[in-house]
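Report on the structure
Chain residues, written in single-letter form:
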Amino acid sequence: MRDETKCLHEGYTPKDGEPRVMPIVQSTTYRFDTTERIGELFNLPNAHMYSRFSNPTVEAVEKKIASLEGGVGAMGTSSGQSASLLSILNICKSGESFICTSTIYGGTVNLFAVTLKRFGIECIFVDADASVEEIQKAFKPNTRAVFGETLANPALAVLDIEKFASLAHKNGVPLIIDNTFATPVLCKPFEFGADIVVHSTSKYLDGHALQVGGMIIDSGKFDWCNGRFPEFTEPDQSYHGIVYSETFGNAAYIIKARMQLMRDLGCYPAAHSAFLLNLGLETLPVRMERYCQNGLRVAQYFQQLSKIESVSYPGLENDRYHLLSKKYLPKGTSGVVCFNIKGGRDTAVKFMNGLKLASNEVHVADIRTCVLHPASATHRQLTDEQLIAAGINPGMIRFSVGLENINDILEDIEQSLKSV
Ligand SMILES: *Cc1c(COP(=O)(O)O)cnc(C)c1O
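Within any chain, residue numbers begin from 1 and follow the written order of that chain's sequence. Only residues with pLDDT of at least 70 are given local features in this predicted model, and only at 80 or more are side-chain atom pairs given and counted; all residues enter the totals for whole chains, interfaces and linings. Only heavy atoms go into the side-chain values, all of them from the structure, while hydrogens and water stay out.

Topic: the packing of helix H3 (residues 56-69) against helix H12 (residues 271-282)
- Across the interface, H3 lies against H12 with an axial gap of 8 Å and an inter-helix angle of 35°. Considering the relative orientation of H3 and H12, their crossing is left-handed. Together, Thr57, Val58, Val61, Lys64, Ile65 and Leu68 of H3 and Ala271, Ala274, Phe275, Leu277, Asn278, Leu281 and Glu282 of H12 make up the contact between the two elements.
- Side-chain classes are defined by residue name, with Ala, Val, Leu, Ile, Met, Phe, Trp, Tyr, Cys and Pro counting as nonpolar, Asp, Glu, Lys and Arg as charged, and the others, Gly among them, as polar. Looking at side-chain class alone, the contact of H3 with H12 contains nine nonpolar, two polar and two charged residues. Throughout, an axis means a line fitted to C-alpha atoms (over the contacting stretch in the case of helices), and angles, computed between N-to-C directions, take values from 0 to 180 degrees. Counting from the N terminus, the helices are DSSP H or I runs at least four residues long and the strands are E runs at least two residues long. Left-handed is the label given to a crossing in which the near helix is rotated counterclockwise from the far helix by less than a right angle, and right-handed is the label when the rotation is clockwise. Contact definition: two residues touch when any of their heavy atoms are within 4.5 Å.

What follows is the structure, encoded as C-alpha cells:
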C-alpha cells in the first residue's frame, strides 16, 4: 500500500459484520477466563491487560504510523514531550550523555537541558551545520544517542539526516529524529539511516487541534548487541529477568519502552484521543499537499514585500536549506513560514494583532492559519544566546499556513501590513 491507502486502511481491518469505523475501546481493563491466562499474558509484548500501557484503539493508530514511517513497531504517548522523554530514557540513564542539535523545538530544549540534567543526564548541544570533524568532538565514552529534528520548529532548518546517521553509527549509537513538522508523508527518516523516530501527533498528524499526543517508532535496524547497551543484552530484574534483545529481536527497543517505561511512567494516550488522531491521519496526505502549496505561496509573497526583512522557508530557491530540502523533503516543506518584519519585536506584535483571519495561538500545523511570536511565547524561557542558537530572531514571526483559500490568507496579511 502507498501512503494515501495506508492512512485509510492500516491498523484496523474490520472482519465480517464488524464496524466499518475503528471503535473506541473505552475500557481500563480486559476480562480473562482464568488466572493462569493473565500470568501467561505478562510474557507477551502486545497483549492488552491494562490501558496504562496498551489499548486496542491506540494500538491501531500505532500500527498505522509505524507502517507510514516504515518501522517494526510504535508506541503512543500522551504528548510529543513524553515521546521525546521516553525515547531518551529508554537508552540513557544518570551519568550518561547524548548529543542534540541546537535548532530544535524550545520545549525539547527545556526538557533536555534543564529537566534531564536534574535526572543526571547530560545533553550536549551541537550546531547542526558544523563539519563532521567538529561534531565528532562532542562524542564522549558515555554518549548514548544523537537527537535532531527533520524540519526544525521554528528555525525551519533542514537536518542532514545522512550526515548525522553516519556520525552516530560510527560512534556505535542510534540517531533519533523528531519528524513532527515533516510527517512521514514529506520525509521518512528511516530511509536515510535514522534508527528511531518521534512525533508530536498534536500537529499535522492530527491536524485539527483536537488532541495532544505523541508517538515513538522503531526502525528495527539498530544493533543493540554492539556491546554498548547492556540494558538490552542483560536480564531486566524488574521483568522477571527478561533479556530484551534475545526475546524480542529487532523490536527490542520499542517493546522495552512499553514493558518497562510505559509500565512505570504511565504516560499512555487515551483511547478517545487515539480515535481523534486517526481521523486526522486519514486525510494527512491530501492535507500535506495543500499545506505545502499554500506555504510556498505565502513565503513567495512575503519575500517580495519591502516591509519584510527576511523569510525562512526551505522551499524557496534562495533559502539556505533549499538544497537539503530537495534531498529530504522533495514533495514540499510544510505550511510553516517564518519571517522577520522590519522594525523588530514591536512591529511584529502590531502586525500579529492586526490579523483578522489568522489567529494568535500557542499552536502550529493546524488546519486553520495561526501565528505565534516565539520569543515571547514558546521560547520565552530561552536566553538571547539560546534564541540565536535555536535560529530565532527576537522579532521573528512563525506563520502557520492553514487550508483556507490562499487569496483570503494573502489578503489578511496585506490588510494587516498596511497598519505597520
Ligand atoms: C509541539 C512539538 C513537540 C511537543 O509536542 P507536544 O505534543 O506539544 O507535547 C515536540 N517536537 C516538536 C517539533 C513540536 O513541534
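Still to come is the rest of the account.
Let's talk about the sheet that holds strand E12 (residues 396-400)
- One open sheet holds the five strands; their spatial order is E8-E9-E12-E11-E10, and the pairing between them is mixed. The outermost strands of the open sheet, each flanked by one partner alone, are strand E8 (308-312) and strand E10 (359-360).
- Pairing geometry for E8 and strand E9 (residues 336-341), over four bridges, is antiparallel. Counted as the bridge partner of Val311 is Phe339 from E9.
- Packed onto the sheet, helix H15 (residues 344-353) meets E9, E10, strand E11 (370-372) and E12 and runs at close to 130° relative to E9. Note: two strands are recorded as paired if DSSP finds a minimum of 2 bridges between them.

Some remarks on the site of the ligand
- If a single non-hydrogen atom of a residue is within 4 Å of a molecule or strand, that residue counts as near it. Neighbouring the ligand are 14 residues; Asn153, Asp178, Ser200, Ser202 and Lys203 lie closest to it.
- A distance of 2.9 Å separates an oxygen atom of the ligand from a polar atom in the backbone of Gly80.
- A distance of 2.7 Å separates a nitrogen atom of the ligand from a polar atom in the side chain of Asp178.
- Note on areas: these come from Shrake-Rupley sampling with a 1.4 Å probe, and a residue is covered only by the protein chains present in the view. For the ligand, the accessible surface in isolation is 380 Å², of which the surrounding protein chains cover 92%.
- Here the shell around the ligand is built from residues that sort into three nonpolar, eight polar and three charged. For the purposes of these results, a polar contact is taken to be a pair of N or O atoms within 3.5 Å, where, inside protein, one atom must be able to donate a hydrogen and its partner to accept one; residues adjacent in sequence count only when each atom of the pair is a side-chain atom.

Concerning the pattern of salt bridges
- Salt bridge, as used here, is a side-chain nitrogen of Lys or Arg placed within 4 Å of a carboxyl oxygen of Asp or Glu. Under the definition given, this model contains 13 salt bridges.
- Of the charged contacts, one joins Lys137 and Glu134 as a salt bridge, the two residues approaching to 3.2 Å between their closest N and O atoms.
- The buried label applies to any residue whose accessible area, calculated with a 1.4 Å probe on protein chains only, is under 20% of its type's maximum; exposed applies above 50%, and partly exposed to all values in between. Judged by relative accessible area, which is 43%, Glu134 ranks as partly exposed.
- Beyond isolated ion pairs, a larger network of salt bridges with shared partners links Lys93, Glu96, Arg144 and Glu231.

A short note on the domain arrangement of the protein chain
- The domain architecture assigned to the protein chain consists of domain 1 (3-279) and domain 2 (284-417).
- For the domain bounds, the source is a domain assignment made automatically or taken from a database. The distance between the C-alpha centroids of domain 1 and domain 2 comes to 28 Å.
- The interface of domain 1 with domain 2 comprises 38 residues on the first partner and 42 residues on the second.
- Note: buried area is the sum, over both parts, of the accessible area (probe 1.4 Å) each one loses when the two are combined. For the pair domain 1 and domain 2, the two sides together bury roughly 3,300 Å², of which 67% comes from carbon and sulfur.
- In this structure, the connection of domain 1 to domain 2 is made through two salt bridges.
- One can count 13 residue pairs in polar contact (both at pLDDT 80 or more) joining domain 1 with domain 2.
- Mapped onto the side of domain 1 that touches domain 2, the elements with two or more residues apiece are helix H1 (3-9), helix H5 (106-118), helix H7 (161-170) and helix H8 (183-186).

Overview of the packing of aromatic side chains
- Two rings belonging to Phe, Tyr or Trp (six-membered ring only in the last case) form a pair when the distance between their centres is within 6.5 Å. Interplanar angles under 30 degrees mark stacking, angles over 60 mark edge-to-face geometry, and anything in between is tilted. Taken as a whole and assessed by the stated rule, the structure comprises 15 aromatic pairs.
- Centre to centre, the rings of Trp224 and Tyr253 are 5.3 Å apart; their planes meet at 15°, and the pair counts as stacked. One end of the pair, Trp224, is in the loop between strand E7 (214-218) and helix H9 (230-233); the other, Tyr253, is in helix H11 (residues 252-265), with 29 residues separating them in the sequence.
- A relative accessible area of 0% means that Tyr253 is categorised as buried.

Description of H11
- Multiplying 1.5 Å by the residue count of a helix minus one yields the expected span of that helix. Under the 1.5 Å per step criterion, the end-to-end length of H11 is 18 Å for 14 residues, consistent within 8% with the ideal 20 Å.
- By the largest-angle criterion, Arg258 marks the main kink of H11, which is about 30°.
- Counting buried residues in H11 gives 12 out of 14 residues, a clear majority hidden from the surface.
- Three or more residues of H11 are buried, namely Ala252, Tyr253, Ile254, Ile255, Lys256, Ala257, Arg258, Met259, Gln260, Leu261, Met262 and Arg263.
- Gly266 sits one or two positions beyond H11 and adopts a positive phi of about 65°. The angle separating two fitted axes, one through the seven residues that finish at a residue and one through the seven that start at it, defines the bend at that residue.

A look at H3
- Taking 1.5 Å as the rise per residue, H3 with 14 residues should run 20 Å; its terminal C-alpha atoms sit 20 Å apart, in good agreement.
- The buried fraction of H3 is high, at 12 of 14 residues.
- Taken as a whole, H3 has its buried residues at Thr57, Val58, Glu59, Ala60, Val61, Glu62, Lys64, Ile65, Ala66, Ser67, Leu68 and Glu69.
- Where H3 begins, one side-chain oxygen reaches toward the backbone nitrogen of Thr57, 2.8 Å away; that side chain belongs to Asn55.
- Downstream of H3 by one or two residues, Gly70 has phi in the positive range, about 80°.

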